[in-house]
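Notes for the structure review
Below, each chain spelled out in residue letters.
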Amino acid sequence: MNPSTRREIVLTGYSVVSPIGIGLEAYWDSMTRQQSGLGPITQFDAGTYPANVAGEIDDFDPKQYVRPRKSLKVMCRDIQICFAAADLALSHSGLDTFDKDPDRFGVVFGADMMYSPVEEVVDAYKSCVVDGEFQFQRWGQEALGNLFPLWMLKYLPNMPACHIAIAHDARGPCNTIMLSEVSALLAIVEAARAIDRGCADVMLVG
């Protein structure tokens, strides 16, 4: 594209869901007070682990953000947090009340692998163990019956973008980028390029 015809792209809203705050005000208040988000692990028993300190997100209630509520059953906690952050950012931008063309409103999210808690797969695992050894060939026939039917949808890395796009009626470009620590930065670049190419007017990025 000719530089003289390139579209101006601006960041209009932000938010964060983190161990030191949910939403911009809480986050910034913790930052200015130099408050640490680290503390003893409480979400599972870490007593036997060599490290038992982490940055946990406390007081997070996904029901305050996720809609429709029935979506919660196919969202792991990672996806719930992504959804909340995106929802807060859109609200901060003011674009949630702006008359947008759904076909020109898109979503790009940077993600990484999302791992299932052991308790969700332990029965499936046990069904494949014979004489103390895991038998891979038994997985399709034996294990799947011991898993929640929509289990995989809870952990697919592309699902944050999908849930967010559906909830906000964003029918434009919808993409997920997985490249470890740089995923989010690449998501910003891809969103800007989607606008620059003329494929969208508004992109929600996380």
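Residues numbered from 1 in each chain as written. Predicted model: local features only at pLDDT ≥ 70, side-chain atom pairs only at ≥ 80, totals over all residues. Heavy atoms only, no water.

**Quick look at the state of the cysteines**
The line we're drawing: By definition, disulfides here are pairs of cysteine sulfur atoms that lie within 2.5 Å.
Per the stated rule, a full pass over the model turns up 0 disulfides. For Cys162, which is in no disulfide, the shortest distance to another cysteine sulfur is to Cys174 and amounts to 5.1 Å.

**Section: the environment of Met113**
This is how the line gets drawn: Under the scheme used here, helices are H or I runs from DSSP no shorter than 4 residues and strands are E runs no shorter than 2 residues, and both carry numbers assigned from the N terminus. When a residue's accessible area, from a 1.4 Å probe over protein chains only, is under 20% of the maximum for its type it is buried; when over 50% it is exposed; and in between it is partly exposed.
Assignment of secondary structure puts Met113 in the loop between strand 5 (105-110) and helix 3 (118-126). Assessed through its relative accessible area of 43%, Met113 is described here as partly exposed. Remark: the alpha-carbon pair of Met113 and Leu179, spanning 66 residues in sequence, is separated by 10 Å.

**What to know about the pattern of salt bridges**
Spelled out, the test is: Here, a salt bridge means any Lys or Arg side-chain nitrogen found within 4 Å of an Asp or Glu carboxyl oxygen.
The tally for this structure, following the rule as stated, stands at 7 salt bridges. Among the ionic pairs, Glu120 bridges to Lys154, the shortest N-O distance being 3.0 Å. Remark: Lys154 occurs in the loop between helix 4 (139-143) and helix 5 (159-167) and Glu120 occurs in helix 3; sequence separation between them is 34 residues. With its nearest N and O atoms 2.8 Å apart, the salt bridge here joins Asp169 to Arg171. Classification of Asp169 as partly exposed rests on a relative accessible area of 35%. With a relative accessible area of 52%, Arg171 lands in the exposed category.

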